[in-house]
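Each chain, letter by letter, is given below.
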Amino acid sequence: MSGGNGNGSVRVGVFICHCGGNIADVVDVEAAAQAAARMPGVAFSSTHMFCCSDPGQAMIVQAIRDHGLNRVVVAACSPSLHEATFRRAAAHAGLNPFLCLHANIREQVSWVVRDRAQATRKAVRLIRAAVARSAHLAPLERRRLPIRPSVLVIGGGVAGLTAARDLASRGIEVTLIESSPFLGGRLAQLYRIYPTGQFARDVLNRLIREVAGHPKVKIYTNAQLWSSEGFIGDFRTTVRLIPRGVTEEPADLQAVLDACPEEAVDQFNLGLAKRKAIYRPYDGCYPPLPAIDWRTCTRCGACVEAAGGRGIQLDQEPEQIEIRSGAIVLAVGLDTYPLRHGEYGYGKFPEVITLAQLNRLLDPTGPTGGRVEIRGRPVRRVGFLHCVGSLQRKGVHPPMRDGRINEYCSRVCCTTTMHTAAELKSRFPELQVYDFHEHIRTYGRKHENYYDRVCEQGVVFIRFDPARPPRVESDPKGEWPLVVRTVDRLTSGEELEVPLDLLVLATGLVARDMKRLIDLYRCSVGPDRFLLEVHPKLRPVELASSGLFLAGSVQGPMDIAEATAAAAAAASKAAALVCAGSIELDPYVARVDETRCSGCRICLQACPFGAIARREETRQAVVNEALCMGCGTCAALCPCNAIQQCGFDDRQIGAELEALLAPEPELAAVSSQEAFDGKAQGR
Amino acid sequence: MAKIQAHYDGAVIGGGIAGMQAALDLAGQGFRVLLVEREPSIGGIMVGLNKVFPTLDCSSCICTPRMAEAAHHERIDLLTYTEVEEVRRTDGHFTLRLLKKPRYVVEEDCIGCGKCEQACDWFVPHEFDYGLGARKAIYIPHGNAIPQLPVLDPEHCMFDGACARVCPKNCIDFLQQPERLEVKAGSVIIATGLKLTPMEAKKEYGGGRYANVISPLLMERMQSSNGPTGHVMRPSDGRIPRSVAYVQCAGSRDRTIGVPYCSRVCCMYALKQAILIRQHHPGTEVTLYYMDIRAFGKGYEQFFRRALAEGVRVVKAKVGRITEEPDGDLVLRVELIDEGGRVAEIRHDLVVLSQGLIPAWRPVGIVPARLDEDGFFEVPEVTTRPANSSVDGIFVAGVATGPKDIPDSIVEAGAAAMEAAMYLDRISRVEAEEAAMSEVSND
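Here the structure is a predicted model, which is why all the values come from computation and not from measurement. (Residues numbered from 1 in each chain as written. Chains lettered and ligands numbered in written order. Predicted model: local features only at pLDDT ≥ 70, side-chain atom pairs only at ≥ 80, totals over all residues. Heavy atoms only, no water.)

**Focus: the confidence of the model for chain A**
Let me state the cut-off plainly: The pLDDT score gives, residue by residue, the confidence of the prediction method on a 0 to 100 scale. Residue contacts are defined here by distance: any two heavy atoms, one from each residue, within 4.5 Å place the two residues in contact.
Taken residue by residue, chain A gives an average pLDDT of 92. The fraction at 70 or more is 96%. Below pLDDT 50 for its whole length, residues 673-683 of chain A participates in 32 contacts with residues either more than four positions away or in separate chains.

**Some points on the packing of aromatic side chains**
Our working definition: For Phe, Tyr and Trp, where Trp contributes only its six-membered ring, two rings pair if their centres lie within 6.5 Å, and the inter-plane angle classes them as stacked under 30 degrees, edge-to-face over 60, or tilted in between. Only DSSP runs of H or I reaching four residues or more are called helices, and only runs of E reaching two or more are called strands; each is numbered from the N terminus. Any residue under 20% of the maximum accessible area for its type is buried, any over 50% is exposed, and the rest in between are partly exposed; the area is computed with a 1.4 Å probe on protein chains only. In our convention, an over-ring charge means Lys NZ or Arg CZ found within 6 Å of a ring centre and within 35 degrees of that ring's normal.
Inspection of the entire model under this criterion finds 14 aromatic pairs over all chains. Taking 5.9 Å as the distance between ring centres and 65° as the angle between the ring planes, the aromatic pair formed by Phe395 of chain B and Tyr423 of chain B counts as edge-to-face. On the criterion of sequence distance, the pair formed by Phe395 of chain B in strand β22 (residues 394-396) and Tyr423 of chain B in helix α8 (residues 406-442) is long-range, its members being 28 residues apart. Take Phe395 of chain B and Tyr423 of chain B: they sit in the same class, and that class is buried. In this structure an aromatic cluster arises from ring pairing among Tyr443 of chain A together with Phe53, Phe296 and Tyr300 of chain B. Seen from the ring of Tyr279 of chain A, Arg275 of chain A lies directly overhead, with NZ or CZ sitting 3.8 Å from the centre.

**Observations regarding unusual backbone geometry**
Residues and elements named next belong to chain A. A cis amide bond links Tyr194 to the next residue, Pro195, at an omega of 0°. Within the secondary structure, Pro195 is located in the loop between β8 (192-193) and β9 (198-199). With an omega dihedral of -10°, the bond running from Tyr286 to Pro287 counts as a cis peptide bond. Along the chain, Pro287 turns up in the loop between β15 (278-279) and β16 (291-292). Even without being a glycine, Arg601 presents a positive backbone phi close to 75°.

**A look at the nonpolar core**
The criterion, for reference: Here, nonpolar core refers to any group of buried Ala, Val, Leu, Ile, Met, Phe, Trp, Tyr and Cys residues whose side-chain atoms link them within 4.5 Å.
Counting residues in hydrophobic clusters, the biggest one holds 302 residues, and the most contacted among them are Ile154, Leu167, Leu330 and Tyr521 of chain A. Ranked by residues supplied to this core, first place goes to α8 of chain B with 14 residues. Aside from chain neighbours lying at most four places away, what touches Leu330 of chain A is Ile154, Leu517, Tyr521, Cys523, Leu531, Leu543, Phe549, Leu550, Ala551 and Val554 of chain A.

**Section: the sheet that holds strand β11 (residues 223-231) of chain A**
Residues and elements named next belong to chain A. Defined as follows: For two strands to be treated as a pair, DSSP must find at least two bridges joining them. Axis lines are fitted to C-alpha atoms, over the contacting stretch for helices. Their N-to-C directions set the angle, which ranges from 0 to 180 degrees.
In spatial order, the strands read β11-β12-β17; together these 3 strands make up an open sheet with antiparallel pairing. Here the strands that pair on one side only, and so sit at the sheet edges, are β11 and β17 (319-325). Each adjacent strand pair in this sheet contributes to an overall mean axis angle of 20°, direction not counted. Pairing geometry for strand β12 (residues 234-241) and β17, over 7 bridges, is antiparallel. From the neighbouring strand, Phe235 faces β17, where its bridge partner is Ser325.

**Some thoughts on helix α6 (residues 158-169) of chain A**
Residues and elements named next belong to chain A. What counts, and what does not: A helix is expected to span 1.5 Å multiplied by its residue count minus one.
Helix length check: α6, at 12 residues, gives a terminal C-alpha distance of 16 Å against a target of 16 Å (1.5 Å per residue), a fit within 8%. For α6, the tally of buried residues reaches 12 of 12 residues, placing the bulk of the element in the interior. Within α6, burial applies to Val158, Ala159, Gly160, Leu161, Thr162, Ala163, Ala164, Arg165, Asp166, Leu167, Ala168 and Ser169. Where α6 ends, the next residue or the one after it, Gly171, has phi of about 85°, a positive value.

**As for the state of the cysteines**
Note: disulfide means a covalent bond formed between the sulfur atoms of two cysteine side chains. Residues and elements named next belong to chain A. Rule in force here: By definition, disulfides here are pairs of cysteine sulfur atoms that lie within 2.5 Å.
Per the counting criterion, the structure on display carries 1 disulfide over all chains. Cys100 takes part in no disulfide bond, and the closest cysteine sulfur, belonging to Cys51, lies 10 Å away. Classification of Cys100 by relative accessible area gives buried; the value is 2%. Here Cys413 stays free of any disulfide, with the sulfur of Cys409 as its closest cysteine sulfur at 6.4 Å.

**A short note on the domain arrangement of chain B**
All names here are of chain B. Filter applied, for reference: These domain limits were set by an automatic method or by a database of domain assignments. By buried area we mean the combined loss of accessible area, with a 1.4 Å probe, across both parts when two parts are placed together. In what follows, salt bridge is the name for a side-chain nitrogen of Lys or Arg lying within 4 Å of a carboxyl oxygen of Asp or Glu. Here a polar contact is taken to be a pair of N or O atoms separated by no more than 3.5 Å, where protein atoms must pair a possible hydrogen donor with a possible acceptor and residues adjacent in sequence count only if both atoms sit in side chains. The nonpolar class holds Ala, Val, Leu, Ile, Met, Phe, Trp, Tyr, Cys and Pro. Asp, Glu, Lys and Arg form the charged class, and all remaining residues, Gly among them, are polar.
Segmentation of chain B into domains returns domain 1 (7-101 + 178-193 + 360-429) and domain 2 (197-356). One C-alpha centre belongs to domain 1, the other to domain 2, and the line joining them spans 31 Å. On the domain 2 side, the residues contacting the 16 residues of domain 1 number 21 residues. Note on domain 1 versus domain 2: buried area summed over both sides is about 1600 Å², and carbon and sulfur give 63% of it. Our count for the contact surface shared by domain 1 and domain 2 stands at 1 salt bridge. A salt bridge links Arg264 to Asp408, with the shortest nitrogen-to-oxygen separation between them at 2.9 Å. If you look at where domain 1 meets domain 2, you find 5 residue pairs in polar contact (both at pLDDT 80 or more). At the level of elements, β3 (51-52) and α8 are the ones that each hand at least two residues to the side of domain 1 that touches domain 2. In the side of domain 1 that touches domain 2, the residues fall into 9 nonpolar, 2 polar and 5 charged.

**Observations concerning the sheet that holds strand β20 (residues 350-353) of chain B**
Hydrogen bonds between backbone groups are what pair the strands of a sheet, and the pairing can be parallel or antiparallel. Residues and elements named next belong to chain B. On the basis of which strands lie adjacent, the open sheet formed by 7 strands has the order β14-β20-β15-β16-β17-β18-β19 and mixed pairing. With partners counted over all chains shown, the strands left at the sheet margins are β14 (213-214) and β19 (342-348), one partner each. With 4 bridges joining them, strand β16 (residues 285-290) and strand β17 (residues 313-324) adopt parallel strand pairing. What sits directly across from Tyr290, in β17, is Lys316.

**Observations concerning the interface of chain B and chain A**
Each side of the interface is counted separately: chain B has 80 residues, and chain A has 76 residues. With both sides pooled, the region where chain B packs onto chain A buries about 6200 Å², and carbon together with sulfur makes up 51% of that total. When residues of chain B are sorted by the area they lose upon contact with chain A, Lys298, Arg305 and Thr383 of chain B head the list and together hold 12% of the total. Counting every contact that joins chain B to chain A gives 18 salt bridges. Put simply, Arg411 of chain A and Asp408 of chain B hold a salt bridge, and the shortest N to O gap is 2.9 Å.

Laid out in structure tokens, this is it:
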């Protein structure tokens, strides 16, 4: 690693960023720069409109060279955004990058303090603390960790399959695990998909062929996440494999299915049919072998008998395997909004179904063979109700189990509704179709075509008032199974009564219950319960924990094309990581001072990463620097003060705190208006 | 500036946010990339934006580091101010015919000191600020431009030699000629982005005729702290507006101007600008006239509700016509949908036309990949291969395949890079096999 210069007299350069107006609109950056110039050790201070820009970085590099600076303090946005940028700039000028500190005067000052004088004082205080700490910094070297050239993909839906396909075609070993017995996820349950009108099954089968046949891919179905150890470059994930129960294709599958006496609700067909305890969700599924649903199976042995005693085993034990990988792609997908009993009549009237259920009914291989009928009755009038479980409002919609309402838009339901309505109208032209909506959000490429088409097909649009959502009741006259009562804002709030045979609820999409995944990998979760990317624009497919990538709708609602693109983007990041072969890690490791260590072992037990061992000869603690994540737990707990954390040692933190807590900084008058001349105060 | 090689693994056409991301993601996987940009600086539309929805991060803070990263990446070479004249398939790779336009500045020698710009006496309306600010006839495109090199605009230059006299490196060259280059690339990624539908497209709105009917991109520059004004004002008299109207779908979802599709970002940028107007000028009212509010992305509906909480008014209405009053105010004739279609005339003192997105580049006959009837690149297998064009080896990302916001463009750029990487692996395998075959046959 380049750069040195930790020695000799300290010469600090302070660079204060306007951040456009993000900082300078509130903080008097010029006054702050003048104050910084008077701080002990500061040899140069200056401001810049955008320190992170090329010219901004060039200014820092130039100042380091011109003024012989050996410490750099940049007061700007959050270090999570640009600490790395400024460290690179420092390194470019020949300075050890860890002699560069980043003070956050945007998130911690200008975005939260309104008063200009107060904000400027706080900014100066933070700068003063960073300057004080910087004097005690020492050059540090990054660690290099090898990266195992393999990736674990969690989830066998369209996103997981796409990520696996893409990584494998780059020659990377991929292990794909799927918690259910079959691949395909929600894509398998769809009928036709927009904007191509392809059969979902065709798209899926092709994808599965590409993945399942690939020599670099290993697939485990019925595989549940059990535990996880390790870190970026070498994750060790333990997976529990639930036995499938079926080891070879029965000669007469139908006879085996017929023999099974136990029935369960067919989840694949969303409760519209029943299936046996030994089952296959649909013909052509992957893997093609049937599976046994152990919650329903009573182990009566009827299937074994029907199969002639071959290929079915009811006494297999679950097995645990360890999967080692350099990176992990999370692609566990999402769920549809769980309707409460009676919500918009769901569960109360059999004529109220979800959009996903309608998709099963439209499928010629589905439970009704493609007929849209309810309890054997043909359908004459259909209504679609948008935003069920999406765009919820406090006081109008009851909260979900966690006490939160779903304020967000589920993104795919509008176009799915238009697409499905168009399909219905073209298959059953005499059908009358009503659409109850707040906004129609057919935003994507060619999505508007479906909206146009259903308008031409005569679908009637009714715009409800979200404060008074439609009510679903039985027809008092008894002529129709259902009546929807709503106001129509398109006809100046007229009260309407729309009798229907069938009401289709466009239920929104919600995050899966991912508690185990979240705990195991310490994932960030957003207020919408979906996994939260580091930054929607800077790092949109990465989690804050290194080596973990997000593929598809685990991150939020997406349609098939969007989930595919996100999965490919995640694959691209994972491929870049594992192809590099190694990665540099921050040098913030714990170090043991052997003259002080008493061998008490407190640190050994406290380390969450198993990075501390005891050297037998000396009975003292020793840190494995490849495993140390720099959390600082050991340094905080050591009763002998024998452990120091590089970059955060006692002298550094002490100096920082002292400067932070010292009396109010003195300031020249804070200018009342925004000053943008950006002149440097060198000396 | 790095010397341009004869052969690259990938050529990325377009140096906006999608192109830069695609270049970075492809180079990140170990491939050598050439990034070609038509304008004098990379950064595209994004570098001129103020803050971005839904986080209200400053756009430059996200875009400029990407620009620096792309420009300094050891496996990325940059060619700015360069037009792509032809992309053709020649056995096993693509050949790009490029036209490097003259900056009238010797790039290799220029140190970007800006003295030429200071010395120049000729002021010209600045395109970067949509005409509201001024630049010189020789100018560095803007403060965040990469490369930080000036370009001379021969249309406005008086050739008085002032710049050449002060240049410490003697690198002003009035006789510089366009330069033709041919570069081979294993794969091509097209990320040529967008332009807005013309202001004049909807004659009845008076765009381009009425001073106070403006483009949302001009609003971005006015709201930017590094913009020409530093605050929102009426172009006619410089006054801070008291009542701003946004006319939504003023260039989208409209067959009469040939843009039947939704431009996908206008609802959100209008809401964002409206929030920022309200924050900077709490006394100013902002009204959006809309058909549907399409706040579909992650955190977007929440952002919409925040706008309402900050006092932004939204009215479901179709604007039929805008007329100008003698004082520069504007009267909007609107059909108020929520009031049963009542027609009203409503006065505002500044109107923003939420223009739609159309492709910035229509390379018919230049690139072999097909365009769709909407003018964007055709993506034949959009559900499974969303970054693949109709030609194997040519990939597409960002608005080149239809309107898209920044996060979606960035994600798609990652997908395009992945596809390009897979394709390059595939052709190198094929080449290796062919080489092995010919060795066998030679033996």
